[in-house]
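Below are the chains, spelled out letter by letter.
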Amino acid sequence: MRKEITQKIGFSLLFLCMAITIFFLAAIIYFVAARGIKIISWEFLLQAPRDGMTKGGVAPAIVGTFYLALGAIVFSLPLGLACAIYLCEYSPKGFIVNIIRISINNLAGVPSVVFGLFGLAIFVKFFGFGISILSGSLSLAILALPIIISAAQEALLAVPQSIREASLALGATKWQTIKKVVLPTALPGILTGVILSIGRVAGETAPILFTAAAFYLKGYPRSIFSEVMALPYHIYALMTEGAHPNEQTAIAYGCSLILLLLVLFVSFVAIVIRQKQRSLSHG
Amino acid sequence: MDKQIRMKAENVDFYYGKTHALKKINMDIYANQVTAIIGPSGCGKSTFIRLLNRMNELIPHSIFSGRVFLDCNNIFSPVVDPVEIRRRIGMVFQKPNPFPKSIFENIAYGLQVNGIKDKSFIEHKVVESLKKAALWAEVEKRLHASALALSGGQQQRLCIARALAVEPEVILFDEPCASLDPISTAKIEELILELKKSYTIVIVTHNMQQAARVSDYTAFFLLGELIEFDKTQNIFTAPKDKRTEAYITGRFG
């Protein structure tokens, strides 16, 4: 009897914790959606800001966030994937590789504003890319790297040794084995990493603060060397600058909702791809 | 013993770190015969069979000495490419390990990695290999379904078909029935007896009845040593070594 009671209390506690988590998640979505939905319209989505940020839309910021996130993934995915493949498949196991692994994990813990400062010093100043999409994407790419590397590493380690052996036993080289068997099998896991990092990158403000973002620009960016508006930075700027706090706050909620929906949409697309791949590989 | 020798192990020693896994093994493997390797767990039989196609060198901190010949060529000679050796000496593993791809792709894979691009040739080979592995009738209508949807026994025959497709000369079976039910096991054994007409076969097994049923020669390993090697009939009816006798009569292992 006492055992059963203990068990019930245990389950109830676990349920409570789960419920609290769900509550906060739902609350955030409700809070943002309820306030943001009022301002969202086709005009808001498709037009540029007007009248000192109080009218018009945020289309340039949406486009800017898209460019920045895309740029970040274009740089960090090949680099991160190559790094993970080297660490999992080629590097000799031992002390040095462990140090590298720990360093990569530490990179994930670096505050994002530090990446912003680093980006300013290296990409903006040293390489002379200026305040631009390129500098911003590169700074965001460094932020995304550890997420992609650790997800890819996990995915590669989860590929059973037995199918690697099967491939080698057929006279495949190590590279053929990695390219044709290991990578396709690990793809769903790698995609998860990409999803996570797109979400992170699209929402980051600090790394683009000094490297890419502008509060207001006329028109859309013309090249990767242009400054760019971006949703998270736009929210930040709306709440801290300008002369019309009430209107600006409303727009900020609209931006938050769009950012949320954008991230959800990206995740959804990636999950669909993942499921397809899974059903293919598990019959 | 007047059969042609296909493979030959000469003074083979193998270490995992400090563990001396194989001790001065000398053994012949005859062409178009089934050679069974038996012995208790940890006796080195899997280690030995995985040396025959140079799979063991993938293990870190392993040391090998000695020579292994395939048709008079030392496969461990520095000029020999292990990738080519593994093409010529196929392997079927303890647990069925199909790729998470379609049945067709599983078999086509070995041909593709060996540089064959001709689609009609690949299709022909896939069908031929599935027929040789006695799996064709069961899968002919779903060649493009995932291999993982097959039963364990079917998966193992698929792995055999996959190995056959690259036209090996020798096929190594590392406890191929360890995870299969008796009916699937019977099918694999039947298949092995059929395959020995065209291939040289080495099979590691825990199951002594299986060794007796399928093999022509049997090697008994114990603690990394080859205790006795003879015709299967002799091993099971008149073993020369006391330890062999003790093992086959079930006194240990």
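Here, every reference points to the structure presented above.
Because the structure is predicted, anything quoted here is derived from the model rather than measured.

Engineer: Quick question: what am I supposed to make of the overall build of chain A here?
Structural biologist: Helix and strand content of chain A: 11 helices and two strands. Shown N-terminal to C-terminal, the secondary structure of chain A runs as helices and strands in the order α-α-β-β-α-α-α-α-α-α-α-α-α. Considering only C-alpha atoms, chain A reaches an extent of 70 × 65 × 35 Å along its principal axes. The proportion of buried residues among the 283 residues of chain A is 37%. Restricting the contact set of chain A to residue pairs at least 6 apart, pairs at least 24 apart contribute 77%.

Engineer: What is the right way to read the overall build of chain B from this model?
Structural biologist: The helix and strand inventory of chain B stands at 10 helices and 10 strands. Relative to the 2.2 N^0.38 estimate, which gives 18 Å for 253 residues, the radius of gyration of chain B is 18 Å and therefore close to what a compact globule would have. With the principal axes as the frame, chain B shows a C-alpha extent of 55 × 45 × 35 Å. Long-range contacts, defined as pairs at least 24 residues apart, comprise 69% of the intrachain contacts of chain B with a sequence gap of at least 6.

Engineer: Just checking my understanding: could you explain the sheet that holds strand E2 (residues 19–30) of chain B for this structure?
Structural biologist: Either a parallel or an antiparallel arrangement is found when strands of a sheet pair, and the pairing is made through backbone hydrogen bonds. Pairing is antiparallel in the open sheet, where four strands are placed in the order E2-E1-E4-E5 (chain B). The open sheet has two free edges, formed respectively by E2 and strand E5 (73–74) of chain B, since each of these has just one partner strand.

Engineer: Help me understand the sheet that holds strand E10 (residues 225–231) of chain B in this model?
Structural biologist: Residues and elements named next belong to chain B. Spatially, six strands are ordered E6-E7-E8-E3-E9-E10 in an open sheet, and the strand pairing comes out mixed. Only two strands of the sheet have a single partner each, and these edge strands are strand E6 (89–92) and E10. On average, each strand axis in the sheet is tilted by 15° relative to the strand beside it, whichever way the strands run. Two strands pair when backbone bridges link them, and E6 and strand E7 (residues 170–174) are joined in this way by four bridges, in the parallel orientation. Of the residues in E7, the one forming a bridge with Met-91 is Leu-172. Sitting on the sheet, helix H6 (residues 152–165) touches E6 and E7, and the angle it makes with E6 is about 170°.

Engineer: Please explain the interface of chain A and chain B as it appears in this structure.
Structural biologist: Counting residues at the interface gives 19 residues for chain A and 24 residues for chain B. Those elements that place two or more of their residues in the side of chain A that touches chain B are helix H7 (161–169), helix H8 (174–203) and helix H11 (245–281) of chain A. Among the elements that line the side of chain A that touches chain B, the one with the most residues is H7 of chain A, at six residues.

Engineer: I tried to follow helix H5 (residues 112–126) of chain A on my own but got confused; where do I start?
Structural biologist: For an α-helix the count is 3.6 residues per turn, leaving residues at separations of three or four pointing the same way. Residues and elements named next belong to chain A. Under the 1.5 Å per step criterion, the end-to-end length of H5 is 20 Å for 15 residues, consistent within 8% with the ideal 21 Å. When the local axis directions of H5 are compared, the greatest deviation, roughly 35°, occurs at Gly-119. Among all positions in H5, only Phe-115, Gly-116, Gly-119, Phe-123 and Val-124 are buried. Buried residues belonging to H5 abut helix H6 (133–157) and helix H9 (206–209). Within two residues after H5, Gly-128 carries a phi angle of roughly 70°, on the positive side.

Engineer: It is not clear to me how the nonpolar core should be interpreted in this structure. Could you clarify?
Structural biologist: Side chains that are nonpolar tend, in soluble globular proteins, to be buried together. Residues Leu-68, Ala-144, Ile-148 and Ala-230 of chain A together with Val-202 of chain B are the most contacted members of the largest nonpolar core, which totals 147 residues. Here the element with the most residues in this core is H6 of chain A; it accounts for 16 residues. Not counting chain neighbours up to four residues away, the residues in contact with Ala-144 of chain A comprise Ala-72, Ile-73, Ser-76, Ser-197, Arg-200 and Val-201 of chain A.

Engineer: Can you walk me through the environment of Thr-192 of chain A in this structure?
Structural biologist: All names here are of chain A. Mapped onto the elements, Thr-192 comes out in helix H8. Sequence-wise, Thr-192 and Ala-144 are 48 residues apart; in three dimensions their C-alpha atoms are separated by 13 Å. In contact with Thr-192, not counting residues within four places along its chain, are Ala-151 and Arg-274.

Engineer: Mind showing me how you'd approach the pairing of E10 of chain B here?
Structural biologist: Along any regular strand, the residues point their side chains to alternate faces of the sheet. Residue and element names in this part refer to chain B. Sheet analysis places strand E9 (residues 217–222) next to E10, joined by six bridges and oriented antiparallel. Each residue of the ladder has a partner; that of Phe-220, found in E10, is Glu-228. The loop that links E9 with its antiparallel partner E10 comprises two residues; one of these, Leu-223, has a positive phi angle of about 45°.

Scoring rules and cut-offs
- Residues numbered from 1 in each chain as written.
- Chains lettered and ligands numbered in written order.
- Predicted model: local features only at pLDDT ≥ 70, side-chain atom pairs only at ≥ 80, totals over all residues.
- Helix = DSSP H or I, 4+ residues; strand = E, 2+ residues; numbered from the N terminus.
- Buried ≥ 20, exposed ≤ 12 C-beta atoms within 10 Å, placed from the backbone.
- Contact = placed C-beta atoms within 7 Å.
- Rg over C-alpha atoms; globule rule 2.2 N^0.38 Å.
- Pairing = 2+ DSSP bridges.
- Axes fitted to C-alpha atoms, helices over the stretch in contact; angles between N-to-C directions.
- Expected span 1.5 Å × (residues − 1).
- Bend = angle between axes of the 7 residues up to and from the residue.
- Core = buried A, V, L, I, M, F, W, Y, C linked by C-beta atoms within 7 Å.

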